[in-house]
Amino acid sequence: MQFHNSNADLFVPDGAAPETALARTTHLSISAHQDDIEIMAYHGIAECFGQRDKWFTGVVVTNGAGSPRSGIYGGYSDEEMQKVRLIEQRKAAYVGDYACQIQLGFSSAAVKDPNGTAVVEDLAQILRATRPEYVYLHNLADKHDTHVAVATRSIAALRAVRAETMPKKVYGCEVWRDLDWLPDDGKQILPVSARSNIAAALVGVFDSQVTGGKRYDLATAGRRLANATYFASHGTDEESAVTFAMDLTPLVEDPGLSLTDYVLGFVDRFRADVERRMRAAGGSK
């Protein structure tokens, strides 16, 4: 595969030929940064782990140069940090039994450029090679600008290849904003109770982030537990860990839909739900 950046990295943990590794993919995640995949798409990783008819492939779009750092990583340059994060992402792919891990190496500025075409072209190439059944993206209400930009470029790529390959489901997942606020009938509920040891290891392998100043390992496990416990107020927990996702499939099925209008539709439904409950409780007085 010919990517736009010479520093793009394609890694196949089990040593299969790249074309074979990509072709066997059933679950694909496209994220902005190293470790985003392991936080937002563990559902897909767990679905495929140890299976031979299901395979997970991860794509990281940016180079990780701007990540926060402290401790032993405090003096690292952006170039040194990129190397560390690339290796950490490869380690996660090995631990998670991924079919393939691709790191495209774009700068955040390039990803956020609305007039740029390179990101979409690279992603379209990957989608044609993998033809995934399930795709995990950042959700469109995420509060990280680079995450939203990557999700937007990913949807553009999915639309570009929809006549050739159309996933069964496209999920917009939690990282820098959880989705507890979505109306319950609008939540895509993704159980992630399986193999808590692997789930912990996948986030923990990113030492530059965890010991470098951000306890993503604890926060991610806590969010998943909270989602499972607080999802239903009048029922016992059926799962010990859950992630929520926004259904982005309609945006790929109908390229005429506005991404902004679509996500604001969820916000409007949340507002209406709050208003209904307040009025029912006499809050209009």
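Coordinates for the structure precede this section.
Residues numbered from 1 in each chain as written. Predicted model: local features only at pLDDT ≥ 70, side-chain atom pairs only at ≥ 80, totals over all residues. Heavy atoms only, no water.

What follows concerns the packing of aromatic side chains. Inspection of the entire model under this criterion finds 7 aromatic pairs. Both rings, one in tryptophan 176 and one in tyrosine 216, keep their centres 6.3 Å apart while their planes meet at 85 degrees; by these two values the pair is edge-to-face. Of the two residues, tryptophan 176 is situated in the loop between β6 (169-173) and β7 (187-191) and tyrosine 216 in helix α10 (residues 216-230); the sequence distance between them amounts to 40 residues. The class for tryptophan 176 is partly exposed, based on a relative accessible area of 29%. Aromatic side chains tyrosine 262 and phenylalanine 266 sit 5.3 Å apart centroid to centroid with 85 degrees between the ring planes, which places their arrangement in the edge-to-face category. In this pair, tyrosine 262 and phenylalanine 266 are both assigned in helix α12 (residues 259-280), 4 residues apart and thus about one turn of the helix distant. Judged by relative accessible area, which is 7%, phenylalanine 266 ranks as buried. We note arginine 24 situated over the ring of tryptophan 55; from NZ or CZ to the ring centre the distance is 3.8 Å. Over the ring of phenylalanine 244 we find lysine 187, and its NZ or CZ is 5.3 Å from the ring centre. (Phe/Tyr/Trp six-rings, centres within 6.5 Å; stacked < 30°, edge-to-face > 60°. Helix = DSSP H or I, 4+ residues; strand = E, 2+ residues; numbered from the N terminus. Buried < 20%, exposed > 50% of the residue type's maximum accessible area, 1.4 Å probe, protein only. Lys NZ or Arg CZ within 6 Å of the ring centre and 35° of its normal.)

Read from one edge to the other, the open sheet built from 8 strands follows the order β1-β4-β3-β2-β5-β6-β8-β7, with strand pairing classed as mixed. The strands lining the two open edges of the sheet, one partner per strand, are β1 (9-11) and β7. The sheet shows a mean angle of 25 degrees between the axes of neighbouring strands, direction not considered. The pairing of β6 with strand β8 (residues 242-247) spans 3 bridges and is classified as antiparallel. Of the residues in β8, the one forming a bridge with tyrosine 171 is aspartate 247. Contacting β2 (27-31), β3 (56-62) and β4 (100-106), helix α6 (residues 118-130) runs over the sheet at an angle of about 170 degrees to β4. (Pairing = 2+ DSSP bridges. Axes fitted to C-alpha atoms, helices over the stretch in contact; angles between N-to-C directions. Contact = heavy atoms within 4.5 Å.)

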